[in-house]
Amino acid sequence: MAQELLTTFETELGEVALVPGTGGVFEVRLNGEAVWSRKSDAAFTDAAELKRLIRDWIAPGRPLGHSDQSS
């Protein structure tokens, strides 16, 4: 997932950090704010959905090609 985000947003993201946790925690944060959380969203997400969420925060309106298509 980290590689997908770095590849898609290579000029917008400075880094992707993996922080160890326990209990199956998986969160995506931008500047300290949660974009997506497995715990609160009660499901796992796919790369396309995560890219859309991040795009909406850092580059609204930017096309994502096939990731913009509904699944």
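Residues numbered from 1 in each chain as written. Predicted model: local features only at pLDDT ≥ 70, side-chain atom pairs only at ≥ 80, totals over all residues. Heavy atoms only, no water.

Per an unreviewed UniProt entry, the protein chain is named SelT/SelW/SelH family protein, and its organism is Nocardiopsis rhodophaea.

This next bit is on the overall build of the protein chain. For the protein chain, the helix and strand inventory stands at three helices and two strands. Going from the N terminus to the C terminus, the protein chain shows its helices and strands as α-β-β-α-α. Judged by the C-alpha coordinates and their principal axes, the protein chain covers about 35 × 30 × 20 Å. Across the protein chain, contacts joining residues at least 24 apart in sequence account for 41% of those joining residues at least 6 apart. Within the structure as shown, the protein chain displays about 5,100 Å² of accessible surface, and the carbon and sulfur contribution to it stands at 50%. Between the averaged position of the 7 positive side-chain charges in the protein chain and that of its 11 negative side-chain charges there is a distance of 4 Å. (Helix = DSSP H or I, 4+ residues; strand = E, 2+ residues; numbered from the N terminus. Contact = heavy atoms within 4.5 Å. Areas by Shrake-Rupley, 256 points an atom, 1.4 Å probe, with all protein chains shown as cover. Lys, Arg positive; Asp, Glu negative; His and termini not counted. Charge placed at Lys NZ, Arg CZ, Asp CG, Glu CD.)

With that settled, consider a nonpolar patch on the surface. A cluster of nonpolar side chains, namely L6, V16 and L18, defines an oily patch on the protein surface of about 260 Å² accessible area. Mapping L18 onto the fold places it in the loop between α1 (2-8) and β1 (27-30). (Patch = residues over 30% accessible without salt bridge, like charges linked within 9 Å, V, L, I, M, F, W, Y side chains within 5 Å. Salt bridge = Lys/Arg side-chain N within 4 Å of Asp/Glu carboxyl O.)

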